[in-house]
Amino acid sequence: MAISHLEATRNSLCTVVLDDIDGGTGAGKMVLSVGVTEVATIPLNDPSFDTPATGAMALDVTPVPEDASATGNAVAVDTFELKDGDDLVIVTGVVPDDLVLSKNPIEAADVIQLTTFTYTASL
């Protein structure tokens, strides 16, 4: 049997992640990369996510977070990082397993918008 957590515990885990992303100097950000090469950096709203519920929290997309000056890359984005305002990595994920992009690879000067993303704490 797999380890599981109570919903209240999962909400608490989400709150810790939210507080970490929103910590530091300035707003958090999502960085899209190919290997170690950064392709786009999207500043997040502050707070970056809505209040956790049912062990998950939705990205605050009002206004829509975007990067209007992506550097682009001929190879598809394969990872993302959620960082705090001081560039401390809080969450890492895999594209397309954890984050689905509507266009990949990203080209130079593409406008990258985050219109939906949900962080879910482990069961």
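For the structure, see preceding data.
Residues numbered from 1 in each chain as written. Predicted model: local features only at pLDDT ≥ 70, side-chain atom pairs only at ≥ 80, totals over all residues. Heavy atoms only, no water.

### With respect to the overall build of the chain
Now for step 1: Helix and strand counts for the chain stand at one helix and eight strands.
Now for step 2: Helices (α) and strands (β) of the chain occur, in sequence order from the N terminus, as α-β-β-β-β-β-β-β-β.
Now for step 3: Along the first, second and third principal axes, the C-alpha atoms of the chain reach 45 × 35 × 25 Å.
Now for step 4: Across the 123 residues in the chain, those meeting the buried criterion constitute 39%.
Now for step 5: Intrachain contacts of the chain at a sequence separation of at least 6 include 69% that bridge at least 24 residues.
Now for step 6: By element, 56% of the accessible surface of the chain is carried by carbon and sulfur atoms, the whole surface being about 6,700 Å².
Now for step 7: Treating the 4 positive side-chain charges of the chain as one cloud and the 19 negative ones as another, the clouds have centres 3 Å apart. (Helix = DSSP H or I, 4+ residues; strand = E, 2+ residues; numbered from the N terminus. Buried < 20%, exposed > 50% of the residue type's maximum accessible area, 1.4 Å probe, protein only. Contact = heavy atoms within 4.5 Å. Areas by Shrake-Rupley, 256 points an atom, 1.4 Å probe, with all protein chains shown as cover. Lys, Arg positive; Asp, Glu negative; His and termini not counted. Charge placed at Lys NZ, Arg CZ, Asp CG, Glu CD.)

Just distances and angles here, no functional claims.
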